[in-house]
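# Structural overview
Read off the chains here:
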Amino acid sequence: QVQLVESGGGLVQAGGSLRLSCAASGIIFSINTMGWYRQAPGKQRELVAVITNGASTNYADSVKGRFTISRDNAKNTVYLQMNSLKPEDTAVYYCNANIRRWAASHGMDFWGKGTLVTVSS
């Protein structure tokens, strides 16, 4: 099986910073795109940032200039550095990865269980 385990969430004051990590483990041949999504109470899950295996990145307009996504391919890990946090960033943050488990397989999407980020005003 494949597991994605997030860490780094917590409570922070507005203007503060947090760094999220997500490590993939299990039977993994290669990882394509990795990303972070978030879901605030009463809202749909939305894309925060994604990064390809070639390190191309894409961000939601609401986090551009404040958040930075990166990955360590040797560790099968993706990070999200969040600066200048705002109360509206409060949400459960989910890690996503498109993973090929074997050389002959197609990529499949896997999700972590989420980590809560709370930004107080």
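Here the structure is a predicted model, which is why all the values come from computation and not from measurement. (Residues numbered from 1 in each chain as written. Predicted model: local features only at pLDDT ≥ 70, side-chain atom pairs only at ≥ 80, totals over all residues. Heavy atoms only, no water.)

Taken as a whole and judged by the stated rule, the model has 1 disulfide. The disulfide that involves Cys22 links it to Cys95, with 2.1 Å between the sulfurs. In this structure the cystine formed by Cys22 and Cys95 twists about its S-S bond by roughly -80°; its chirality is therefore left-handed. In this pair, Cys22 sits in strand S3 (residues 18-26) while Cys95 sits in strand S9 (residues 91-100), placing the two residues 73 residues apart along the sequence. (Disulfide = S-S within 2.5 Å. Helix = DSSP H or I, 4+ residues; strand = E, 2+ residues; numbered from the N terminus.)

Membership of the largest hydrophobic core comes to 31 residues, with the highest contact counts inside it found for Trp36, Leu80, Met82 and Tyr93. At the level of elements, strand S1 (2-7), S3, strand S4 (30-39), strand S5 (46-51), strand S7 (67-72), strand S8 (77-82), S9 and strand S11 (115-120) are the ones that each hand at least two residues to this core. With 5 residues, the top contributor of residues to this core is S9. In this view, Tyr93 contacts Glu6, Leu20, Trp36, Tyr37, Arg38, Val48, Phe67, Leu80, Met82, Gly114, Thr115 and Val117; residues no more than four positions away in its chain are not counted. (Core = buried A, V, L, I, M, F, W, Y, C linked by side-chain atoms within 4.5 Å. Buried < 20%, exposed > 50% of the residue type's maximum accessible area, 1.4 Å probe, protein only. Contact = heavy atoms within 4.5 Å.)

In this section: the sheet that holds S8. One open sheet accounts for 4 strands, arranged S1-S3-S8-S7; its pairing is antiparallel. The open sheet has two edge strands with one neighbour each: S1 and S7. Direction aside, neighbouring strands of the sheet carry axes that sit 15° apart on average. The sheet contact formed by S3 and S8 spans 6 bridges and is antiparallel. Paired with Ala23 across the two strands is Thr77, which belongs to S8. (Pairing = 2+ DSSP bridges. Axes fitted to C-alpha atoms, helices over the stretch in contact; angles between N-to-C directions.)

Everything listed is a geometric property; what it means functionally is a separate question.
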